[in-house]
Amino acid sequence: YAVERAIPHGRSNGGGRGDKGAWRGDEPAEVGLRFRNELFSDFTRIAAKHPRIAKGNLVNHLGTLGTGNHFVEMCLDETDSIWLMLHSGSRGVGNRIGMYFIELAKKDMRKHVHDLPNKDLAYFKAGSDHFDDYLYAVGWAQRFAKVNREVMMNSFLKALRESVPESLREFQADLLAVDCHHNYVNREFHFGEDLLITRKGAVCAEKGRYGIIPGSMGAKSFIVQGKGNAESYNSCSHGAGRLMSRSEAKRRFSVEEHMRATSQVECRKDRDVIDETPMAYKPIDKVMAAQNDLVEIKHTLRQILCVKG
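Residues numbered from 1 in each chain as written. Predicted model: local features only at pLDDT ≥ 70, side-chain atom pairs only at ≥ 80, totals over all residues. Heavy atoms only, no water.

Q: In this structure, what is going on with the nonpolar core? I would like to understand it.
A: Looking at soluble globular proteins, one finds that nonpolar side chains tend to be buried together. Of all hydrophobic cores here, the largest spans 33 residues; its most connected members are Ile213, Cys236, Ile284, Met288 and Val295. For this core, the secondary structure elements donating two or more residues are strand 1 (71–76), strand 2 (82–87), strand 6 (210–213), strand 7 (220–226), helix 7 (284–290) and strand 9 (295–308). If near-sequence neighbours (up to four positions away) are discounted, isoleucine 284 is found in contact with Ile213, Pro214, Gly215, Ala219, Lys220, Phe222, Gly239 and Ala240. Counting residues in hydrophobic clusters, the runner-up holds 27 residues, among them Ala47, Leu62, Ala141 and Val185. (Core = buried A, V, L, I, M, F, W, Y, C linked by side-chain atoms within 4.5 Å. Buried < 20%, exposed > 50% of the residue type's maximum accessible area, 1.4 Å probe, protein only. Helix = DSSP H or I, 4+ residues; strand = E, 2+ residues; numbered from the N terminus. Contact = heavy atoms within 4.5 Å.)

Q: Hey, could you run me through the side chain of histidine 182 in this one?
A: The topology assignment puts histidine 182 in the loop between helix 4 (129–163) and strand 3 (184–190). For histidine 182, a relative accessible area of 15% corresponds to the buried category.

Q: Any chance you could explain the environment of histidine 258 here in plain terms?
A: For histidine 258, the position within the fold is in helix 6 (residues 255–261). Sequence spacing of histidine 258 and proline 278 is 20 residues, and the spatial spacing of their C-alpha atoms is 7.6 Å. In this structure the side chain of histidine 258 is engaged in a polar contact, spanning 2.8 Å, whose partner is the side chain of threonine 277. (Polar contact = N/O pair within 3.5 Å; in protein donor to acceptor, adjacent residues only side chain to side chain.)

In short, the description is geometric, and any link to function would need to be established separately.
Here it is, written out as structure tokens:
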């Protein structure tokens, strides 16, 4: 309960006024300070050219979890060492940026390309104003996502320290910190060319780089190191991946089945989280076996606490 109180999560009121998943005028000082110092100026610059992306949640989403497959977890590794893990991204503003530029690309295509096979193949031509603005906005959203995760981790640590006996509050929490983007764009050099690499449902697996591959709530998760596989553009999967749609999971599985699948985890056991039940995801061991040429497993984690949006 301390973690749930410390980190806004979920969504209510359609994401509007009073949304439980956003700060409601009670954001910690760290949130406002980091937004002003690290994010405000560059966001103002891009929003001046594209004001629609500024219409919605912004600073009130910084340090909040979101919904769907986003989570906050406490895990134990093979030596019973404790790991704190969370998964979230650029929240509402990131989605808004993405949707806005997708529609802008479709509009550009209608003007310049008359034989596009499918409207969802719309793109910006390199060097165009919209191309540069999109990359700038996406880069900003990735910075927002990183700060968002850092703020939540600080809230997680604070909640944990306040929940244990005073004699244990000075525990060391920085033996290894792993932070990796997923669903993002990055400029990289591959096969003799400068490229823009889009990783969707994937993370960077450069040789020696640490990454996180989470399983479902009740399965295992993994801390990995990349092997630098050139044929994968130094990439690996971001997680297990869904086995079925959310609606199919809700139709197929009961609360009782979900409770059995998560019996070793302190987590929600109600109907509203059935779409995230472990059975809705691919077996993580098979996923890891399929990419053993991409990453080396350094630690295997098992969840003991999971907070879902």
